[in-house]
Amino acid sequence: MATSLQTSSRVIPLHASPLAAPTTVPGVFRVAARLLAERGLYKGDFVPDVFDREMCVPHFLRPMSIVAALKTATTGDPHRTSLLSDQAIATLALRLKVDGEGPLFGGIFELEAHVDAWGDVELRTTESAVAVLERAAEFGVAA
């Protein structure tokens, strides 16, 4: 006799699989780097057309900001947060410089804004964002 789990035809997408979810900050950096490499870096809000006025593509499949990629890596959704994604954002923010300055201290929103500001620099490319995330995963810090 088969159990309901054995006969279920439901397939869980990789981004939503509990086995694919990272459990460490370096793991979050690796998954976020992969997401950005696949979908591209978006400058501005978390994802393009955040209110779905022009696009019908799910948000987790759109190009995304670095912060959105870090959130998607842990929750499967670029708008939902988790303790692990907040730790990854804080770790990255404290290592990145924007115009020679570190982040303003005050809370997670300021740290997110700092990471977003780094990603929004005019000449920033998807490749450079992926490289920083991969380096952060490798060494536990960003260059």
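Below, the structure is looked at part by part. (Residues numbered from 1 in each chain as written. Predicted model: local features only at pLDDT ≥ 70, side-chain atom pairs only at ≥ 80, totals over all residues. Heavy atoms only, no water.)

**Section: the overall build of the protein**
Now for step 1: Helix and strand content of the protein: 6 helices and 0 strands.
Now for step 2: Overall, the protein shows an N-to-C arrangement of helices and strands of α-α-α-α-α-α.
Now for step 3: A buried classification covers 43% of the 143 residues belonging to the protein.
Now for step 4: Pairs at least 24 apart in sequence give 50% of the contacts found in the protein among residues at least 6 apart. (Helix = DSSP H or I, 4+ residues; strand = E, 2+ residues; numbered from the N terminus. Buried < 20%, exposed > 50% of the residue type's maximum accessible area, 1.4 Å probe, protein only. Contact = heavy atoms within 4.5 Å.)

**So, the nonpolar core**
Now for step 1: In terms of nonpolar packing, the biggest core is built from 36 residues, with Phe 29, Leu 36, Ile 66, Leu 70, Leu 92, Val 115 and Leu 133 touching the most fellow members.
Now for step 2: Elements represented by at least two residues in this core include exactly α2 (25-39), α3 (66-75), α4 (83-93), α5 (108-119) and α6 (126-139).
Now for step 3: Leu 133 has contacts with Phe 29, Ala 32, Ala 33, Leu 36, Ile 66, Leu 70 and Leu 92, leaving out every residue within four places of it along the chain. (Core = buried A, V, L, I, M, F, W, Y, C linked by side-chain atoms within 4.5 Å.)

**Things to note about the pattern of salt bridges**
Now for step 1: Within this structure, the stated rule accounts for 3 salt bridges.
Now for step 2: For Glu 38, the salt bridge is made with Arg 34, and the minimal N-O distance between the two is 3.8 Å. Placement of the pair is Glu 38 and Arg 34 together in helix α2, with a separation of 4 residues, close to one helical turn.
Now for step 3: Glu 112 is paired through a salt bridge with Lys 71; the nearest N and O atoms lie 3.1 Å apart. Here Lys 71 lies in helix α3 and Glu 112 lies in helix α5, a separation of 41 residues in the sequence. Here Glu 112 matches Lys 71 in class, with each residue buried.
Now for step 4: Overlapping salt bridges, with partners in common, bring together Arg 34, Glu 38 and Arg 39 in one network. (Salt bridge = Lys/Arg side-chain N within 4 Å of Asp/Glu carboxyl O.)

**Quick word on the packing of α2 against α4**
Now for step 1: One can describe the packing of α2 onto α4 by two numbers: an axis separation of 9 Å at closest approach and a directional angle of 85°. Taken together, the axes of α2 and α4 are roughly perpendicular relative to one another. On the side of α2, the interface is formed by Val 25, Val 28 and Phe 29, while α4 contributes Leu 84, Gln 87, Ala 88, Thr 91 and Leu 92. (Axes fitted to C-alpha atoms, helices over the stretch in contact; angles between N-to-C directions. Parallel < 35°, antiparallel > 145°, perpendicular 65-115°, else oblique.)

**Overview of the packing of aromatic side chains**
Now for step 1: According to the stated counting rule, one finds 0 aromatic pairs in the structure shown.
Now for step 2: One residue, Arg 124, lies across the ring of Trp 118, its end atom 3.6 Å from the ring centre. (Phe/Tyr/Trp six-rings, centres within 6.5 Å; stacked < 30°, edge-to-face > 60°. Lys NZ or Arg CZ within 6 Å of the ring centre and 35° of its normal.)

**Thoughts on the packing of α3 against α4**
For any two helices packed against each other, the geometry comes down to the angle between their axes and how far apart the axes lie.
Now for step 1: In the contact formed by α3 and α4, the axes pass within 8 Å of each other and the chain directions differ by 145°. α3 and α4 meet at a crossing whose hand is right-handed. Residues Ile 66, Val 67, Leu 70, Lys 71 and Thr 74 of α3 touch α4, and the partners they reach there are Leu 84, Ser 85, Ala 88, Ile 89 and Leu 92.
Now for step 2: Class assignment for the residues of the contact of α3 with α4 results in 7 nonpolar, 2 polar and 1 charged. (Left-handed = near helix turned anticlockwise from the far one by under 90°. Nonpolar A, V, L, I, M, F, W, Y, C, P; charged D, E, K, R; others polar.)

**What to know about the environment of Asp 77**
Now for step 1: By the secondary structure assignment, Asp 77 is in the loop between α3 and α4.
Now for step 2: Distance in space between the C-alpha atoms of Asp 77 and Leu 61 is 9.6 Å, their sequence separation being 16 residues.
Now for step 3: Look past the residues within four positions of Asp 77 in its chain and what remains in contact with it is Lys 71 and Thr 72.

The analysis is restricted to geometry; functional conclusions fall outside its scope.
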